[in-house]
Amino acid sequence: MPGGCVVSRPWGYAAYTYGVTKRLSAGTVCYAMYDSPKSGKQGSVSRNGGIVMPDTHPGGGTVAHDEPAEEILPAEEILTAYLCRSRAVACCFAGAGLRPADARPITGPPGMWLRPPDRDWWT
């Protein structure tokens, strides 16, 4: 996908699987998110066909003022964490480095629906 992509699937985790993200990220970047009813939002970032951040929590997390100096995030990451707090889809766009021209990709409706073929998407 030229420029990168954010993939979501409202009814299941298939868009979050390695097989999907490695194909979509070939030559670019892909941020995939699964909103698990049991454990919350789970994300992964893939670049050039490989997962570079396997276990993110888009829209969650905190930036604490009392963290040890070696664990303090760079200013850009602190700002992103603050702006994306409780806004998981916006966090996915920021994580993929995408800057949409308007709010439609975040607020909907989807730009397109795709049905992946039946196969083992975990490999």
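Residues numbered from 1 in each chain as written. Predicted model: local features only at pLDDT ≥ 70, side-chain atom pairs only at ≥ 80, totals over all residues. Heavy atoms only, no water.

Looking at this structure, I do not really get the confidence of the model for the chain. What am I missing?
Do not read the predicted coordinates in detail wherever pLDDT is low. For the chain, the average pLDDT comes to 76, and 86% of its residues sit at 70 or higher. Across the chain, element-level confidence peaks in helix H1 (residues 18-24) with a mean pLDDT of 86 and bottoms out in helix H2 (residues 75-84) with 71. (pLDDT = per-residue confidence, 0-100. Helix = DSSP H or I, 4+ residues; strand = E, 2+ residues; numbered from the N terminus.)

Sorry if this is basic, but what is going on with the pairing of strand E4 (residues 50-56) here?
When a strand is regular, its side chains alternate between the sheet's two faces. Examined bridge by bridge, strand E3 (residues 40-47) and E4 share four bridges and lie antiparallel to one another. The residue of E4 that forms the bridge with Arg-47 is Gly-50. Counted along the chain from E3 to the antiparallel partner E4, the turn is two residues long, and its residue Asn-48 has a positive phi close to 55°. (Pairing = 2+ DSSP bridges.)

Mind showing me how you'd approach the environment of Cys-30 here?
With respect to the helices, strands and loops of the structure, Cys-30 is situated in strand E2 (residues 29-36). Distance in space between the C-alpha atoms of Cys-30 and Gly-95 is 8.9 Å, their sequence separation being 65 residues. Setting aside anything within four residues of it in sequence, one finds Cys-30 in contact with Cys-5, Val-7, Thr-21, Leu-24, Ser-25, Ser-44, Val-45 and Ser-46. (Contact = heavy atoms within 4.5 Å.)

Looking at this structure, how should I read a nonpolar patch on the surface?
A grouping of Leu-79, Tyr-82 and Leu-83 is seen on the molecular surface, where their side chains present a nonpolar patch of about 330 Å² in accessible area. With respect to the element layout, Tyr-82 can be found in helix H2. (Patch = residues over 30% accessible without salt bridge, like charges linked within 9 Å, V, L, I, M, F, W, Y side chains within 5 Å. Areas by Shrake-Rupley, 256 points an atom, 1.4 Å probe, with all protein chains shown as cover. Salt bridge = Lys/Arg side-chain N within 4 Å of Asp/Glu carboxyl O.)

Any chance you could explain the nonpolar core here in plain terms?
Side chains that are nonpolar tend, in soluble globular proteins, to be buried together. Formed by Val-29, Tyr-31, Met-33, Val-45, Ala-88, Cys-92, Phe-93, Ala-96 and Leu-98, the largest nonpolar core amounts to nine residues. Elements that contribute at least two residues to this core include exactly E2 and helix H3 (88-95). Residue contacts for Tyr-31: discarding those within four places in its chain leaves Cys-5, Val-6, Val-7, Gly-43, Ser-44, Val-45, Thr-56, Pro-58, Cys-91, Cys-92, Gly-95 and Ala-96. (Core = buried A, V, L, I, M, F, W, Y, C linked by side-chain atoms within 4.5 Å. Buried < 20%, exposed > 50% of the residue type's maximum accessible area, 1.4 Å probe, protein only.)

What's the story with the sheet that holds E4 in this structure? I'm lost.
By definition, the strands of a sheet pair up through backbone hydrogen bonds, in either a parallel or an antiparallel sense. What the four strands build is an open sheet, ordered E1-E2-E3-E4; its pairing is mixed. The open sheet has two edge strands with one neighbour each: strand E1 (5-7) and E4. Strand-to-strand twist in this sheet, taken as the mean axis angle between neighbours without regard to direction, amounts to 20°. Pairing between E2 and E3: eight bridges, direction antiparallel. Residue pairing for E3: Met-33 is matched across the bridge by Gly-43. Lying on the sheet, H3 is in contact with E1, E2 and E3; it crosses E2 at an angle near 160°. (Axes fitted to C-alpha atoms, helices over the stretch in contact; angles between N-to-C directions.)

I tried to follow the pattern of salt bridges on my own but got confused; where do I start?
Pairing between side chains of opposite charge can happen when the charged atoms of each approach one another. Considering all chains together, one arrives at one salt bridge under this definition. Where Asp-35 meets Lys-41, a salt bridge forms, and the shortest distance between an N and an O atom there is 3.5 Å. Since its relative accessible area comes to 43%, Asp-35 is described here as partly exposed.

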